[in-house]
Amino acid sequence: MEVLNPETNKPFTNRYAGFWLRFVAFILDSVLVGVIDFIILFMFFGIHIFRIHNLTPHSFPFGTLAHLFPVIIISVIIKWLYFAGMESSKHQATPGKMALDVKVTDLQGNRISFAKATGRYFGKILSSLIFYIGYLMAAFTEKKQALHDKLADTVVLRS
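We now turn to the structure provided with this report. (Residues numbered from 1 in each chain as written. Predicted model: local features only at pLDDT ≥ 70, side-chain atom pairs only at ≥ 80, totals over all residues. Heavy atoms only, no water.)

**Focus: the pattern of salt bridges**
On inspection of all chains with the given rule, the structure shows 5 salt bridges. K79 is paired through a salt bridge with D37; the nearest N and O atoms lie 2.7 Å apart. Here K79, found in helix α2 (residues 68-87), pairs with D37, found in helix α1 (residues 19-45); they are 42 residues apart in sequence, far enough to count as distant. Accessibility expressed as a relative area gives 8% for D37, which makes it buried. A single salt-bridge network, built from bridges that share partners, covers R22, E87, K97, R120 and D149. (Salt bridge = Lys/Arg side-chain N within 4 Å of Asp/Glu carboxyl O. Helix = DSSP H or I, 4+ residues; strand = E, 2+ residues; numbered from the N terminus. Buried < 20%, exposed > 50% of the residue type's maximum accessible area, 1.4 Å probe, protein only.)

**What about the pairing of strand β2 (residues 154-158)?**
Counting buried positions over the 5 residues of β2 gives 4, a clear majority of the element. When strand β1 (residues 102-106) meets β2, the two strands line up antiparallel, connected through 5 bridges. Pairing of T105 across the sheet is with V155, part of β2. (Pairing = 2+ DSSP bridges.)

**Here's the deal with the packing of α1 against α2**
At a minimum axis separation of 10 Å, α1 and α2 run at an interaxial angle of 140°. Between α1 and α2, the angle falls in the class oblique. Crossing handedness for the pair α1 and α2: right-handed. Counted together, D29, L32, V33, I36, D37, I40, L41, F44 and F45 of α1 and P70, V71, I74, S75, I78, K79, Y82 and F83 of α2 form the full contact between these two elements. Its residues assigned to classes, the contact of α1 with α2 shows 13 nonpolar, 1 polar and 3 charged. (Axes fitted to C-alpha atoms, helices over the stretch in contact; angles between N-to-C directions. Parallel < 35°, antiparallel > 145°, perpendicular 65-115°, else oblique. Left-handed = near helix turned anticlockwise from the far one by under 90°. Contact = heavy atoms within 4.5 Å. Nonpolar A, V, L, I, M, F, W, Y, C, P; charged D, E, K, R; others polar.)

**Observations concerning the nonpolar core**
Counting 9 residues, the largest nonpolar core is built from V33, L41, F45, V71, I74, I78, Y82, F83 and Y121. For this core, the secondary-structure elements that each account for two or more residues are α1 and α2. It is α2 that contributes the most residues to this core, 5 residues altogether. (Core = buried A, V, L, I, M, F, W, Y, C linked by side-chain atoms within 4.5 Å.)

Structure follows, in structure tokens:
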């Protein structure tokens, strides 16, 4: 199935964002979401997040290493809301993708729903397994789709 431009109803040609363009967007987004993640975690855990390398059961604010689990959960939620929220927004892109003038669409070139963006985000877990081969697929598939794009029936297009 070809991706159609919703404005002209004709197929997009050579508009798929390739691996390296997507990789740079991912790096930009990782830095931005890392800063957001850090600020929010700092608000929850304060100075104790700087002591992760030297944690003992008594050095953590709640007294046990088992309380690192909420940190991980909060971090996953922040990243999920960032990526799924931005990619399903009217911009159809995260700030990193916007900086490189690319956007996420369905196979017909339309904006994706938050549910589809959520599936795409959690599909990235599979893309990450086995040395990020799922991400590398974007360098070799016809529509430059990574594994998570194929799972969610999405493509990343240059605007």
